[in-house]
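Fold and geometry: a report
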Amino acid sequence: MNIGWYLVVSAIIFCIGAGGVLVRRNPLVILLCLELMLNAANLALVAFARMWGNEDGQIFALIVMVVAAAEVTVGLGLVVAIYRRRLPIDVDELNELQG
Amino acid sequence: MSAVIFFIAAIGAITGAFGVVMLRNPFYSVLALAFHLVSLAALFLLLRAEFVAAAQVIVYAGAVMVLYVFVVAYVGGGEQLTTRGALRVLGPLFALALAIELCIAMLGAGLKGVNSKGAAFVPGFGAPRSIGQLFLTKFLFPFELASILLLVAAVGAVVLARRRRGLEPDEQFELRVHAPRPAWTGTMAEAGGIRLPVPEEPIASAEPVGTATTGDGAGSPDSEHEGGW
């Protein structure tokens, strides 16, 4: 398969994730949609690594995975803290930091 | 053969991504994401990235998804679907426009490499040996930085999600306020000191955490953390 096909799949997954971040209200699902976007970027990185025959892109993908894991850990910790405070788990209601 | 596997894996990945966004129950969204990740690992294998595919399945579909499942089971999620108002229409429109724009940009770029099958395959490309060699020589600094980042994230998550002792008097305080007051007066419980002396004004305050420390929360070592929340 040509590299272009992989890039198209990556673009579609990224846009689904971006639309999900805009549309959904549950912070858990928003974190999942962020994962989708990061994974789409990973797919593009690995596809470009294959295109050049160079493994640097795969290293970049692995680092992106590490950053995604860290982000998920902190995000889920925030969700649990919100739940413990008995605040609504809804990003439209949690707008106290809005100026 | 590789084209067939590509289309199966690509359709699986896109279906999983749609499932994450569309499904109402967050638990099913997590399961859809796990399916999406496994399909994506198949795409990585087609791109000769064996180690990345293995890490994807083990780290993502294994560890991170288990974390998600635990948190969804703990929090419960609820059934809220989508935002109200204009974003509900504009969000998918924006995503569609972005997809079309990205496809035009990538397929219309005329790059020769994009329309090829990639560089010639050398044995050992993407194998754990070469990845590990790169990590320990050329990319040693990002590697160490990633380990520090993981440590910071783990400690931060524990600090965020731990059970705060400052919340305990808060809960007792609410129970006390909502209890019918005449039932307490003159009982043995009041004489025994179980009912703590409650000042009359903290009921009016919106945030009773700081004011509810008349009981056992006054000497709590965690009470200074409450200011940040």
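Note that the coordinates shown come from a computational prediction; the quantities given were computed from them, not determined experimentally.

Conventions we followed
- Position numbers for residues count from 1 along each chain, tracking the sequence in the order it is written.
- To label them, take the chains in the order written and letter them from A, then take the ligands in the order written and number them from 1.
- The model is predicted, so local features are restricted to residues of pLDDT at least 70 and side-chain atom pairs to those at 80 or more, both for listing and for counting; the totals for chains, interfaces and linings are taken over all residues.
- Strands are runs of DSSP state E lasting at least 2 residues, helices are runs of H or I lasting at least 4, and numbering of each runs from the N terminus.
- Each radius of gyration reported is based on C-alpha atoms, and the globular scaling rule is 2.2 Å times the count of residues to the power 0.38.
- Each residue is classified by how many other C-beta atoms fall within 10 Å of its C-beta atom, where C-beta atoms are placed from the backbone; a count of 20 or more means buried, 12 or fewer means exposed, and values in between mean partly exposed.
- Contact between two residues is assigned when their C-beta atoms, built from the backbone, lie within 7 Å.
- Axes, fitted as lines to C-alpha atoms, cover a helix only where it is in contact. Angles between the N-to-C directions of the axes lie from 0 to 180 degrees.
- Oblique is the label for every angle not falling under 35 degrees (roughly parallel), over 145 degrees (roughly antiparallel), or within 65 to 115 degrees (roughly perpendicular).
- Any residue outside Ala, Val, Leu, Ile, Met, Phe, Trp, Tyr, Cys, Pro, Asp, Glu, Lys and Arg is labelled polar, Gly included; the first ten of those are nonpolar and the last four are charged.
- Working rule for helices: expected span equals 1.5 Å times residues minus one.
- What we call a nonpolar core is a set of buried Ala, Val, Leu, Ile, Met, Phe, Trp, Tyr and Cys residues whose membership is set by joining through C-beta atoms within 7 Å.

Below, the discussion takes up the overall build of chain A. Helix and strand counts for chain A stand at three helices and zero strands. Listed N to C, the secondary structure of chain A is α-α-α in terms of helices and strands. Over its C-alpha atoms chain A spans a radius of gyration of 17 Å, topping by over 25% the 13 Å that the globule rule assigns to 99 residues. Oriented by its inertia axes, the alpha-carbon framework of chain A measures out at about 50 × 25 × 25 Å. Taken across its 99 residues, chain A has 58% of its residues classed as buried. Across chain A, every contact between residues at least 6 apart in sequence was considered, and the portion connecting residues at least 24 apart equals 46%.

Following both chains from N to C, one finds helix H1 (residues 3-23) of chain A and helix H1 (residues 2-22) of chain B inclined at 5°, their axes separated by 9 Å at the closest point. In terms of orientation, H1(A) lies roughly parallel with respect to H1(B). Contacts from Trp5(A), Val9(A), Ile12(A), Ile13(A), Ile16(A), Gly17(A), Gly19(A), Gly20(A) and Val23(A) in H1(A) reach Phe6(B), Ala10(B), Ala13(B), Ile14(B), Ala17(B), Phe18(B), Val20(B) and Val21(B) in H1(B). Among the residues forming the contact of H1(A) with H1(B), the class breakdown is 14 nonpolar, three polar and no charged.

Taken together, the 63 residues of chain A in the interface contact 74 residues of chain B. For the side of chain A that touches chain B, the secondary structure elements donating two or more residues are H1, helix H2 (27-52) and helix H3 (56-84) of chain A. If one sorts the elements of the side of chain A that touches chain B by residue count, H3(A) sits on top with 21 residues. Here the side of chain A that touches chain B is composed, by residue class, of 44 nonpolar, 11 polar and eight charged.

For Arg48(B), which is not a glycine, the phi torsion comes out positive at approximately 65°. Residue placement: Arg48(B) occurs in the loop between helix H2 (26-46) and helix H3 (50-75).

All names here are of chain A. If you check H2, its first and last C-alpha atoms are 38 Å apart, about what 26 residues at 1.5 Å a residue would give, namely 38 Å. Counted residue by residue, H2 has 20 buried out of 26 residues, so it is predominantly covered. Looking one or two residues past H2, glycine 53 carries a phi angle of roughly 65°, positive in sign.

Now for the nonpolar core. Counting 71 residues, the largest nonpolar core has Ile13(A), Leu43(A), Val46(A), Ala47(A) and Leu43(B) as the members making the most contacts within it. Elements with a contribution of two residues or more to this core: H1, H2 and H3 of chain A together with H1, H2 and H3 of chain B. The element contributing the most residues to this core is H2(A), with 16 residues. If we ignore the near neighbours within four places in the chain, the residues touching Val46(A) are Gly57(A), Gln58(A), Ala61(A), Phe44(B), Leu47(B), Ala49(B) and Val52(B).

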